[in-house]
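So the chains spell out like this:
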Amino acid sequence: MPGSEYSIDKGEVLRYLGHRGQALTPELSGLIDEISARCLESARPRYCFQIFPLDMSSGAPALAGTGVTLRGEDIKKHLAGAELAAVMAATLGFEVERAMMRLSQRSATAEVIFNAACTALIEAVSDRCEGEIVELARQRGLVTSYRYSPGYGDFPLEQQPDVLGVIDAGTRLGITLTDSMLMLPKKSVSAIIGLYPEGAGVRRGGSSCETCENRENCEFRKEGFGCNG
Amino acid sequence: MGEFTLFDGGMGTELQKRGLVAGALPELLNLNEPDIVRAVHRSYVEAGADVITANTFGANSKKLGDAGTVEKVVAAGIRLAREAGAKRTALDIGPIGALLAPMGTLSFDEAYGLFREVVLAGARAGADLVIIETMSDLLEAKAALLAVKENTDLPAYVTMTFMADGRTFLGTGPAVAAATLSALGADAVGINCSLGPEETEPFIAEVLRWATVPVIVQPNAGLPDATSGETIYHVTPEAFAKSVGRMLDMGVTVAGGCCGTTPEHIRLLRREMDARRPAEREIPRRTVLTSSQRLVCLDGSVAVIGERINPTGKKKIKAALRSGSFDYILNEAISQEEAGADLLDVNAGLPEIDEPATLRRLVTSLQAVTPLPLQIDSSDPEALDAACRVYSGKPVINSVNGKEESLSAILPIAKKYGAAVVGLTLDENGIPDRAEDRYKIAEKIVQRAGEYGIPREDVLIDCLTLTVSTNQALARETLEAVELVTRGLGVKTVLGVSNISFGLPAREVINAAFLSAAFAKGLTMPILNPMSRRYMDAVAAWRVLSGEDVSSERFIASYVNLPENKVPSTSPAEPVDITQIVLSGRKLLIEDAVRAALRERGPMEVINELLIPAINAAGDKFERGEFFLPQLMASAETVKLGFDVIRDGAKSGEVTSKGKILLATVKGDIHDIGKNIVKMLLSNYGYEILDLGRDVPPELIVETAMREHIRLVGLSALMTTTVKAMADTIKALREAGAECRIMVGGAVLTPEYAALVGADFYARDAQESARIAAEVFGQP
């Protein structure tokens, strides 16, 4: 799926760049457009997901049939009342990594803008994946919660291999992990979405930062980026 | 090509049918559920498979962790396949699941070590061959293949997996994979997984076009359908066998199935094989060079080798090689590519450095920023070996010559890494004057290469250019030698052109004429400076004259609207105030403004009185929220251009550095944007920045800090998980007695955390790093 099937929201790019209404010169505005276009050109966006029944018999949410139990109080709270859980992953692929490494040699400004454009794009790709999950849920008369990722709250980053493993994200999307649990390509997202019976009082977060339990000491927000930055 | 070989089909899907849960390590079933594994194997033996793939795909110690030893899991896997009645058992090797540098953090040696462990266990357990499969990273496939070749005599088949767009996840296409892995000595190359047979067919055609060894295909039973939230494969055994049968007719001789294929798919494929004979296939004999991203074929075309990455006579390259801060060289690579180079020569030969280590690291770094194939250039066999080993593709080695010592040292390296090799027409008696005598040396090199198993098409002869001003007759001899070698030996030629004009004025004029003359004699690969317009004009023109540029399309596209002169779009009405230019980030104006200022003031005055106040003004605006980050950075880049003008024009010693700062993202972390922002800003305050890049081991930081007498080290880490590496690095610096202060930054850090890891300063942002530097170096 080429990046051209997507578009990059300039407002989002500016938000990730920490723009707070400062006057935007035509040069800078043009540069952002140009680099966003380059980002779309080099991206190979992909996503995949799978829906699992939730087994709460052990007291913690387990993805039935996988041997994987999700750890931490926050993911438990997040999935309380859910019947099913969708595990999803999305990525922009390695071309954008390559393009960014090259760009970083030429212009740090361009690199920073490219990074922000990528963050906006991976959000759009994740949204599309989430949209499919929402639609499947709707067909089954269920509603969904927002995306919850390893590293949020006390849902440990160390469960990243489990989350990616149950949907075979390595083979299907090419996502790998470093020893420090960093996803490569860096512009990748993994998340869990709960599917609940209608009326279960599910919180639908807007942007996940607003509802993230970890927002006060978030590693990424300090730099003005989302947690995919 | 002999007989067909039939592999088995999907293991994962068959195991899942028998109750294996997703996400677990299927290889552990060799120990825990041997009956299930054996039963799957037996079903494929009964379906008629010649080769049974042992259940060892992920049996490396990285994936297994504490769950089982490689030795036990692999031995059990091989044993189960044999017990099931396999005619031949293949040790199965899949990707490690972690990514190699430069994109990832796994080193080539670590990857090789992991594969070696599996290979040795498999060989001991009695595997008949090895299948390296589902590879996305060409370099990882190479590490696995070398692990087989260097430790066993087992045949090794290698397949990579491609997406619907015809590239692997890391961007390698089937042609590059086929050419590179053939050259590296794979016994069969091909494609598996990801796609169904229909989708695989055009890509297997590419593999057949470029592979010089038998071709293997193992498609999935169609594209996985995940629309229901579950994964389903739709291609029926009948349709599968028919599609793969078509690929057999195209020239494929080894086939089987991957995900979603069943014993029934294999049984019907057996029937297809039994009903036909292997198709005749013409094995291509062409000179091909590759990177993981690109294939350069010298069949009917010329290729320009960019010569600029060579320290001889280049101060900045020398400095970069000595310090290990490669930015300048990486930029030279990109510039040469943009100027039209097809390959890049890479030479790191300085007497006072560790050439093998430097060349190896440089080759890895270059591959992250340019897709061009590399020509690895050294007189040190150890450096050539080290660099070829980590090169992802089929490189050129520069060079071997007719001396016995050179032939016996260099040719085995070329053979081992499947490299092409440049042969210089000189020997124990020096460079012969006469073309015929140079031809004789070339002939000897080609013949000796053949004895080592290096095919003629992988030998590129350099007939050597001598200076025309010292011996005018020899220019013709070189040209004639090119013609003799091209016609007589049928090999491609390489020639460095710029030597010809040494000692003459207007050297480019002579060089360009010599280049055109050499093309006419058959020269394939000139080594030159692609930044020279005149040379690239000669190349473009030759491509038209030789017919390579069909219908002159490329020439017309490049030259029809060629502006006569690049005139910067400045007008006298534009502001010349440097602060204004910097604040508005107008890069086009800064160079002229700085030149104008230099007419009235000395270089240090321009720096201290104009440029630094300007960047400070931008910094202040950022602090007050009047600027956001890209604006600050655009200002910083504008100042940097101003600095470059001053440095380039200054006499030695006239512009003093305010001090050296070493920057690095710590080991295990590959986030480097924060560090790059800091670098950009600090370089505008007159500091000299040594940037060691990302995922930098503590030892390299310590060694560089000591050698370069660094007073300020800046370390970056973005992940909580990599702050540990930051603490380790600081500890190592202290223990080594490095007399430096250390500042740290990165999203996870706080002042408290910074103190905890032992840093002297916490840099909240790039502006703060400039203040810290001023404190350390005692300047405003």
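Fair warning: this is a prediction, and the values are worked out from it, not measured in the lab.

> Would you mind going over the overall build of chain A with me for this structure?
A tally of regular secondary structure across chain A gives eight helices and eight strands. For chain A, with 229 residues in total, the buried portion stands at 60%. The long-range fraction of contacts in chain A, counting pairs at least 24 apart against all pairs at least 6 apart in sequence, stands at 76%. Accessible surface, chain A: about 8600 Å² in total, of which carbon and sulfur atoms supply 50%.

> How do you make sense of the packing of aromatic side chains when you look at a structure like this?
The relative placement of two aromatic rings is captured by the distance of their centres and the angle of their planes. Here the structure, examined in full by the defined rule, presents seven aromatic pairs over all chains. Look at F7 of chain B and Y157 of chain B: their rings are 6.0 Å apart centre to centre, the planes differ by 50°, and that puts the pair in the tilted class. Taken as a pair, F7 of chain B in the loop between β1 (5-6) and α1 (12-17) and Y157 of chain B in strand β5 (residues 156-160) lie far apart in primary sequence, 150 residues in all. An aromatic cluster is built from Y146, Y148, Y152 and F155 of chain A, whose rings are joined through pairwise contacts. Directly above the aromatic system of Y16 of chain A lies the positively charged group of R15 of chain A, at a separation of 4.9 Å from the ring centroid. Over the face of the ring belonging to W210 of chain B we find R286 of chain B, whose NZ or CZ atom lies 4.2 Å from the ring centre.

> Honestly, empty space enclosed by the protein in this entry has me stumped. Any pointers?
Taking a probe equal in size to a water molecule and rolling it over the atoms shows the remaining empty space. Scanning all chains against the criterion turns up four cavities of 30 Å³ or more. Roughly 140 Å³ of internal volume is contained in the largest cavity. Lining of the largest cavity is provided by 14 residues; of these, R98 of chain A together with P102, D137, S292 and S392 of chain B occupy positions nearest its centre. Here the lining of the largest cavity is built from residues that sort into seven nonpolar, five polar and two charged. Of the volumes computed, that of the second largest cavity is approximately 70 Å³. If you go around the second largest cavity, the residues you meet are E97, M100, M101, S104, E111 and K186 of chain A together with D672, I673 and R694 of chain B. Among the elements that line the lining of the second largest cavity, the one with the most residues is helix α4 (residues 94-106) of chain A, at four residues. When grouped by side-chain class, the residues that make up the lining of the second largest cavity number three nonpolar, one polar and five charged.

The rules behind each value
Residues numbered from 1 in each chain as written. Chains lettered and ligands numbered in written order. Predicted model: local features only at pLDDT ≥ 70, side-chain atom pairs only at ≥ 80, totals over all residues. Heavy atoms only, no water. Helix = DSSP H or I, 4+ residues; strand = E, 2+ residues; numbered from the N terminus. Buried < 20%, exposed > 50% of the residue type's maximum accessible area, 1.4 Å probe, protein only. Contact = heavy atoms within 4.5 Å. Areas by Shrake-Rupley, 256 points an atom, 1.4 Å probe, with all protein chains shown as cover. Phe/Tyr/Trp six-rings, centres within 6.5 Å; stacked < 30°, edge-to-face > 60°. Lys NZ or Arg CZ within 6 Å of the ring centre and 35° of its normal. 1 Å grid on protein atoms, 1.4 Å probe; cavity = no way out; pocket = protein on both sides within 12 Å on 5 of 7 lines; lining within 4 Å. Points joined across faces, edges and corners; volume = space filled by probe spheres on them. Nonpolar A, V, L, I, M, F, W, Y, C, P; charged D, E, K, R; others polar.

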